[in-house]
Amino acid sequence: MKVAIISGSVYGTADEVARHAESLLKAAGLEAWHAARATLQDIEGFGPDALLAVTSTTGMGELPDSLMPLYSTIRDVLPAAWRGLPGAVIGLGDSSYGDTYCGGGEQMRELFAELGVIEVLPMLRLDASETVTPETDAEPWLAEFAAALKG
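Everything numeric here is computed off the predicted structure, so don't read it as measured data.

Definitions and limits used
- Residues numbered from 1 in each chain as written.
- Predicted model: local features only at pLDDT ≥ 70, side-chain atom pairs only at ≥ 80, totals over all residues.
- Heavy atoms only, no water.
- Helix = DSSP H or I, 4+ residues; strand = E, 2+ residues; numbered from the N terminus.
- Contact = heavy atoms within 4.5 Å.
- Polar contact = N/O pair within 3.5 Å; in protein donor to acceptor, adjacent residues only side chain to side chain.
- Axes fitted to C-alpha atoms, helices over the stretch in contact; angles between N-to-C directions.
- Parallel < 35°, antiparallel > 145°, perpendicular 65-115°, else oblique.
- Left-handed = near helix turned anticlockwise from the far one by under 90°.
- Expected span 1.5 Å × (residues − 1).
- Buried < 20%, exposed > 50% of the residue type's maximum accessible area, 1.4 Å probe, protein only.
- Arc of directions from axis to C-beta.
- UniProt positions renumbered as here; feature names shortened; annotations may be inferred.
- Right-handed = clockwise from strand over helix to strand, strands pointing away.
- Pairing = 2+ DSSP bridges.

**A few points about the environment of Lys 2**
Inspection of the secondary structure puts Lys 2 in strand β1 (residues 2–8). Distance in space between the C-alpha atoms of Lys 2 and Asp 127 is 28 Å, their sequence separation being 125 residues. If sequence neighbours within four positions are ignored, Lys 2 has contacts with Glu 31, Phe 46, Gly 47, Pro 48, Asp 49 and Ala 50. In terms of polar contacts, Lys 2 uses its side chain to reach the backbone carbonyl oxygen of Phe 46, at 2.5 Å.

**Details of the packing of helix α3 (residues 68–77) against helix α4 (residues 103–115)**
The geometry of α3 relative to α4 is characterised by a closest axis approach of 10 Å and an angle of 25° between their N-to-C directions. Our classification of the angle between α3 and α4 gives roughly parallel. Two packed elements cross with a definite hand, and for α3 against α4 that hand is left-handed. The segment α3 lies against α4, with Tyr 71, Ile 74 and Arg 75 engaging Gln 107, Met 108, Leu 111, Glu 114 and Leu 115.

**Section: helix α6 (residues 139–150)**
In an α-helix, one turn spans 3.6 residues; hence positions three or four apart end up facing the same way. For α6, built from 12 residues, the straight-helix expectation of 16 Å at 1.5 Å per residue is met to within 8% by its first-to-last C-alpha distance of 16 Å. Those residues of α6 lying buried are Trp 141, Leu 142, Phe 145, Ala 146 and Leu 149. Mapping the buried residues of α6 onto a view down its axis gives an arc of 140°, with all of them on the same face. Away from its buried face by more than 90 degrees, α6 exposes Pro 140 and Lys 150. Where α6 is buried, its residues contact β1, α1 (13–27), β3 (50–55), β4 (86–93) and β6 (124–127).

**Side note on the UniProt feature "domain: Flavodoxin-like" (unreviewed entry) in the protein**
When the UniProt feature table is mapped onto this chain, "domain: Flavodoxin-like" (unreviewed entry) is found at residues 3–146. Taken end to end, residues 3–146 has its terminal C-alpha atoms 10 Å apart, with 40% of it in helix and 21% in strand.

**Quick word on unusual backbone geometry**
Notably, Arg 37 is not glycine yet its phi reads approximately 60°, a positive angle. Residue placement: Arg 37 occurs in the loop between β2 (31–34) and α2 (40–46). Even without a glycine there, the phi angle at Leu 78 is positive, about 45°. Locating Leu 78 in the fold gives a position in the loop between α3 and β4. Owing to a relative accessible area of 35%, Leu 78 belongs among the partly exposed residues under this scheme.

**A few points about the pairing of β4**
Counting buried positions along β4 gives eight out of eight residues, so the element sits mostly inside the fold. Because side chains alternate across β4, one face comprises the buried residues Pro 86, Ala 88, Ile 90 and Leu 92, and the other comprises Gly 87, Val 89, Gly 91 and Gly 93, equally buried. For the crossover that starts at β3, traverses α3 and ends in the parallel β4, the hand is right-handed. One ladder, built from two bridges, connects β4 with strand β5 (residues 118–119); its direction is parallel. Residue pairing for β5: Pro 86 is matched across the bridge by Ile 118. Crossover connection from β4 via α4 to parallel β5: handedness right-handed. Pairing of β4 with β6, which is carried by four bridges, proceeds in the parallel orientation. Bridging from a neighbouring strand, Ile 90 pairs with Leu 124 of β6.

And the structure:
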């Protein structure tokens, strides 16, 4: 199964989590692909069977600037080939921001729902005020995600 990993990061943490996810999913026997600042054409060229989004949150709960061009293109095009694909989201944020905590991740969840992507696991929320090793903290969830895709 081919898993495309989409990421958006402000300071690089979400991209690092995405790279770690790529290596863990490959180790689990899946064909994972990640490219920071990927375009829709890049992703469609890979031909994914599943989608994983990893994004941080900026400002008032928005997506990072690095993800906005891809997000906007996907919203405009709504790729029909993605309807029914399994997928999930990892959201990074800081719970001290209250209502906007993991807002970027929530935006990706909403986009996936609009696309008809089937959420195989609830969004993983990685809280910057509680962790200094988000890539390690994501490992149990990523193992579950890999198992859900393979099952």
